[in-house]
Amino acid sequence: MMHADPFYYSPISNFYRRPTPYMGQPDFRIYELNKRLQQRTEESDNLWWDAFTTEFFEDDATLTLTFCLEDGPKRYTIGRTLLPRYFRSVYEGGVTDLYYVLKHPKESFHNTTITLDCDQAMMVTQHGKPMFTNVVTEGRLILEFTFDDLMRIRSWHFAIRQHRELIPRSVIAVQQDPAMVEQLSKNITRQGLTSYTLNFLRLCVILEPMQELMSRHKAYGLNPRDCLKTTLFQKWQRMVAPPGKEATRPPSKRRKRKASTGNNSNSNSRDGAPTGKQKRSPGPPGFNISTSVPGDVMMVGEPTLMGGEFGDEDERLITRLENNQYESNGNEDEQDKFQHSPALQHSPWGGQDKKTPQPPTSSSGGPPTSGGGEVETKVE
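As the structure is a computational prediction, the values presented were derived from the model and not from experiment.

Participant: Would you mind showing me how to read the side chain of Thr-133 here?
Facilitator: Residue position: Thr-133 is located in strand β6 (residues 133-146). Thr-133 sits in the buried class, given a relative accessible area of 5%. Here Met-131 takes part through its backbone oxygen, which lies 3.0 Å from a polar atom of the side chain of Thr-133.

Participant: Hey, could you run me through the packing of helix α1 (residues 26-38) against helix α2 (residues 46-56) in this one?
Facilitator: Axis angle and axis distance: for two packed helices, these are the angle between their axes and the distance between the axes, and together they describe the pair. It is the contact of α1 with α2, at a shortest axis distance of 11 Å, that shows an interaxial angle of 175 degrees. The orientation of α1 relative to α2 falls into the category roughly antiparallel. In this structure, α1 contributes Arg-29, Glu-32, Leu-33, Arg-36 and Leu-37 to the contact, and α2 contributes Trp-48, Trp-49, Phe-52, Glu-55 and Phe-56. Class assignment for the residues of the contact of α1 with α2 results in six nonpolar, no polar and four charged.

Participant: I tried to follow helix α6 (residues 195-207) on my own but got confused; where do I start?
Facilitator: What sets the pattern is the α-helix's 3.6 residues per turn: residues three or four places apart point alike. Taking 1.5 Å per residue as the helical rise, α6 with its 13 residues ought to reach 18 Å, and the 18 Å between its terminal C-alpha atoms agrees with that figure. In the core, the buried residues of α6 are packed alongside β1 (57-69), β2 (72-78) and α3 (83-92).

Participant: Would you mind going over the packing of aromatic side chains with me for this structure?
Facilitator: Using the criterion set out here, one finds 15 aromatic pairs in the structure. Aromatic side chains Phe-57 and Phe-87 sit 5.9 Å apart centroid to centroid with 50 degrees between the ring planes, which places their arrangement in the tilted category. Of the two residues, Phe-57 sits in strand β1 while Phe-87 sits in helix α3, which places them 30 residues apart along the sequence. Residue class for Phe-87 comes out buried when judged on its relative accessible area of 0%. In this structure an aromatic cluster arises from ring pairing among Trp-48, Trp-49, Phe-52, Phe-56, Phe-57, Tyr-86, Phe-87, Tyr-91, Tyr-100 and Trp-156.

The rules behind the values
- Every chain is numbered on its own, with residues counted from 1 as its sequence reads.
- Only residues with pLDDT of 70 or above have their local features reported here, since the model is predicted, and side-chain atom pairs are shown and tallied only from 80 upward, although totals for entire chains, interfaces and linings are computed over all residues.
- Where side-chain values are given, they derive from all heavy atoms of the structure, hydrogens and water being excluded.
- Secondary structure follows DSSP: runs of H or I at least 4 residues long count as helices, runs of E at least 2 residues long count as strands, and numbering of each begins at the N terminus.
- Summary of the burial criterion: residues with accessible area below 20% of their type's maximum are buried, those above 50% are exposed, and those between are partly exposed, where the area comes from a 1.4 Å probe applied to protein chains only.
- Under this definition, polar contacts are N or O atom pairs within 3.5 Å; protein pairs additionally need one hydrogen-donor-capable and one acceptor-capable atom, and for neighbouring residues in sequence, both atoms have to be side-chain atoms.
- Structural elements are reduced to axes, namely lines fitted to C-alpha atoms, with helices fitted over the stretch in contact, and the angle between N-to-C directions of any two is expressed from 0 to 180 degrees.
- Any angle from 65 to 115 degrees is called roughly perpendicular, while one under 35 is roughly parallel, one over 145 is roughly antiparallel, and all others are oblique.
- Contact criterion: two residues are considered in contact whenever any of their non-hydrogen atoms come within 4.5 Å of each other.
- Each residue is assigned to one of three groups, with Ala, Val, Leu, Ile, Met, Phe, Trp, Tyr, Cys and Pro labelled nonpolar, Asp, Glu, Lys and Arg labelled charged, and all others, Gly among them, labelled polar.
- One less than the residue count of a helix, multiplied by 1.5 Å, gives the span that helix is expected to have.
- Note on aromatic pairs: the rings of Phe, Tyr and Trp (six-membered ring only in Trp) are paired at centre separations within 6.5 Å, and the planes decide the class, stacked below 30 degrees, edge-to-face beyond 60, tilted for the rest.

Here it is as C-alpha cells:
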C-alpha cells in the first residue's frame, strides 16, 4: 500500500533517507546565537548574560567594532569581561530584537581555529521607540572559532560600512503634521548603533585599562591611589629595564669539579688548594678521590639543560684534572681496609708493609707513566 504523501520515504530504505546535517559549521553557531538572543526576556539578569557569553565566547575572546562617524573613523575593542555588558547595552538602548544574517560566508580551516569571513553580513535590530523602526547595518564580519567540540568564538571583528533605517509606509501615510513627518525622517542611530551603546563603548576605552587596578584593589585591599601608584611603578620598572634582561641570563663562569681535600693539612698548604668549604663529588660514602685514585681524573661536565657549561654545539665538556693531592700516608684506616681486602689475601702484595704500598706497575713492566701528577712513595 502506497503512502498518500508524495514526499514520504520509507524509513527502511537507506537510499531515500535524508543525510544527517553537520551541526559543527560556524554559520550554524551564528544561528544558535540568534536563537538564544530571541529567548531573552525583560527579566534576564547579569547571570543570564554571563551564561550567554560563556556559551558562545572563549575566556580570552575579544570583540572589535570599526566604523566611521562624523568626526572620523572609530575603532573599539573590548575583552571577555565586558562582552555581557555590551550585548545588554544594545537592548537597553531601545532595541527589542537583534539577530545577524550572513550571506555567502567563506570558511578557512587552520590547526586549532576556523575562520569565517563574510563580506555581506547584516546586523538587524528592531526599535519600538519613538516609532517602530527596522535598522539594517551592513558590513564585513570576521569570526574566529576554536576547532573543538564547543566551537566558541575567539575573535569577533565587525567592520560597518553603512546602515539603513526602515519604517512602515502606513506610519507615514497617517501622519498629517509636517513636523511629525520631519521627526520621523531623522535617524535614531549612528551607523546602526544607539547612543546608549556608543557611550558604553567610549566608557570601555577607560574601563578596560582599569581592570588591573580593580583586580589589585580586590586582591590586596589597597585604596585607589595606592593601587595607581603601585601599578605605575611596576610599569615604569618594565619600561626602564633593558630589553631582554629577564629573558637572557649572563654567561656563567666555567665550573670545574675539584677533588676533595685529604685530612693532611700540610698537603693542602703545599698544593695551594683552598681551605674553605668545598663541594664533594657524588659517590658512595667513604670514597675519597685524593686517596683512592692516583694519577689523572677525567671529569665530565653537566649538560646545558641541567644548568652546566655551554659548549659550541651544546655538548658535554670533559675536563682533565690532575690528582696532585695523592698521599700514601694520607689515611691509614682506609689503607688498612685496602690491605685486608679479600681480593688481596692471596696476592704477593699482601705481605708488604701496610704503610708502604708499592706503586702499581704498567703493562710493560716499568714504573707508571701518568700524564698528570706524580705519585710519591715514602719508604721507612
